[in-house]
Amino acid sequence: MIVGYYKLYGNSADRYADFVGILQHHSVIPLPRLVYISGVLSMIYLISDFFWYAALGDVSVAAGVAISNSSPLFVYCLSVCFLNEHLNVNKILGVLTAFVGVILIVIFQDGSGFGAIEATTIIAGISMIISSAIYAGYQVALQLAIGEDVTDTSTLLTLAGLCGLFTFPPWILGTFLLAESPFSWLYESLAFPGTAEGVFLLISSGALTVVFCAFLPLAICWTSPLETSVGCMLTIPLSGIMDTCIHHTKFSWECIVGSVLVMAGFAILECSTKKKTAQQEPPTASAWA
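Since we're looking at a predicted model, the values are computed, not measured. (Residues numbered from 1 in each chain as written. Predicted model: local features only at pLDDT ≥ 70, side-chain atom pairs only at ≥ 80, totals over all residues. Heavy atoms only, no water.)

## A look at the overall build of the protein
Inference 1: From N to C terminus, the protein includes 14 helices and zero strands.
Inference 2: In the protein, the succession of α and β elements from N to C terminus is α-α-α-α-α-α-α-α-α-α-α-α-α-α.
Inference 3: A burial count over the protein gives 38% of its 289 residues as buried.
Inference 4: For the protein, restricting intrachain contacts to residue pairs at least 6 apart in sequence, the fraction spanning at least 24 positions comes to 79%.
Inference 5: With the model as given, the accessible surface of the protein reaches about 16,400 Å², and the carbon-plus-sulfur share is 72%. (Helix = DSSP H or I, 4+ residues; strand = E, 2+ residues; numbered from the N terminus. Buried < 20%, exposed > 50% of the residue type's maximum accessible area, 1.4 Å probe, protein only. Contact = heavy atoms within 4.5 Å. Areas by Shrake-Rupley, 256 points an atom, 1.4 Å probe, with all protein chains shown as cover.)

## Side note on helix H1 (residues 2-9)
Inference 1: Within H1 the residues assigned to the buried category are Ile-2, Val-3 and Tyr-6. Buried residues of H1, seen end-on, are gathered within an arc of 100 degrees and therefore sit on one face of the element. Exposed residues on H1 whose side chains face more than 90 degrees from its buried face are Leu-8 and Tyr-9. (Arc of directions from axis to C-beta.)

## Quick notes on the UniProt feature "transmembrane region" (unreviewed entry) in the protein
Inference 1: The sites that UniProt annotates as "transmembrane region" (unreviewed entry) are residues 34-55, 61-83, 90-108, 114-135, 156-179 and 199-220.
Inference 2: End-to-end, the C-alpha atoms of residues 156-179 are 34 Å apart, and along that stretch the chain is 100% helix and 0% strand. (UniProt positions renumbered as here; feature names shortened; annotations may be inferred.)

## Points about the nonpolar core
Inference 1: One finds Leu-34, Leu-41, Tyr-138, Leu-142, Ile-146 and Leu-159 to be the most contacted residues of the largest nonpolar core, which totals 28 residues.
Inference 2: Broken down by secondary-structure element, the contributors of at least two residues to this core are H1, helix H3 (19-25), helix H4 (31-56), helix H9 (122-146), helix H10 (153-179) and helix H11 (196-222).
Inference 3: At six residues, H9 tops the list of elements feeding residues into this core.
Inference 4: Sequence-distant contacts of Tyr-138, defined by excluding residues within four places in its chain, comprise Leu-41, Ile-44, Tyr-45 and Leu-216.
Inference 5: With 17 residues, the next largest nonpolar core counts Val-95, Leu-226, Val-230 and Ile-236 among its residues. (Core = buried A, V, L, I, M, F, W, Y, C linked by side-chain atoms within 4.5 Å.)

Now the structure itself:
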């Protein structure tokens with residue numbers, strides 16, 4: 001996408017440059033180092049995904065969503081340790097408020113209450129927590145590797161594309177290995193949707209995943225890992241609004257309160273971040289320089 005854009009709208013040097021030349025010219029980070037960073041980040045992401053998918057068979061949807069959305073708690077702890085983030089009561093309050101809201105939504109969305117959470121095995125729950133912690137590490141590592149001063153769009157989109165290139169081959173290989181795995185806890189059947197609607201949804205899901213992965217580095221580096229992780233929680237109440245408008249789904253008062261808490265938590269975090277930005281010190285350089 002970046003290469004195509006500069007081929008069409010770039011200067012004369014871009015039009016005659018090769019693929020690598022364009023990426024290098026429009027990246028504020030040397031391309032070899034960007035490739036190295038992408039490779040490391042991709043491995044972290046794959047490990048997080050492994051623990052997530054390994055737990056899916058023994059975890060309820062409610063518990064899985066609730067545990068995975070504990071990621072901001074880990075992000076904040078890691079940000080304090082590695083990104084010079086200071087402990088802030090308002091930020092802690094914002095994260096916890098949003099997390100409580102998510103818990104209310106996922107527990108009471110289908111009227112099953114705490115029974116859905118209780119159906120989850122301990123091992124699966126631990127696996128989900130590990131996945132959430134590693135994914136938090138991925139977000140913090142991305143910010144740490146790129147540097148807080150790097151917000152260049154071309155560089156970040158190149159990083160996203162390289163991460164995809166590193167992730168795609170292991171994903172394809174892993175798909176076939178899991179389909180042939182002799183271990184029941186690793187086995188995952190491989191099948192293609194049998195209906196046109198299923199194919200459409202599969203393609204749509206893949207396209208939206210690509211968009212999400214492209215915008216994730218931008219969100220992390222333009223804001224912060226903490227804001228991004230809490231912001232992702234907003235998809236839960238927003239999906240509820242879509243269900244209400246499109247499918248006329250009716251939610252319990254607990255879900256409505258949970259949605260309000262998620263949005264309130266994000267608002268608290270945003271207000272706290274705005275205050276910090278006004279007093280922010282000069283940004284630090286990349287830790288992987």
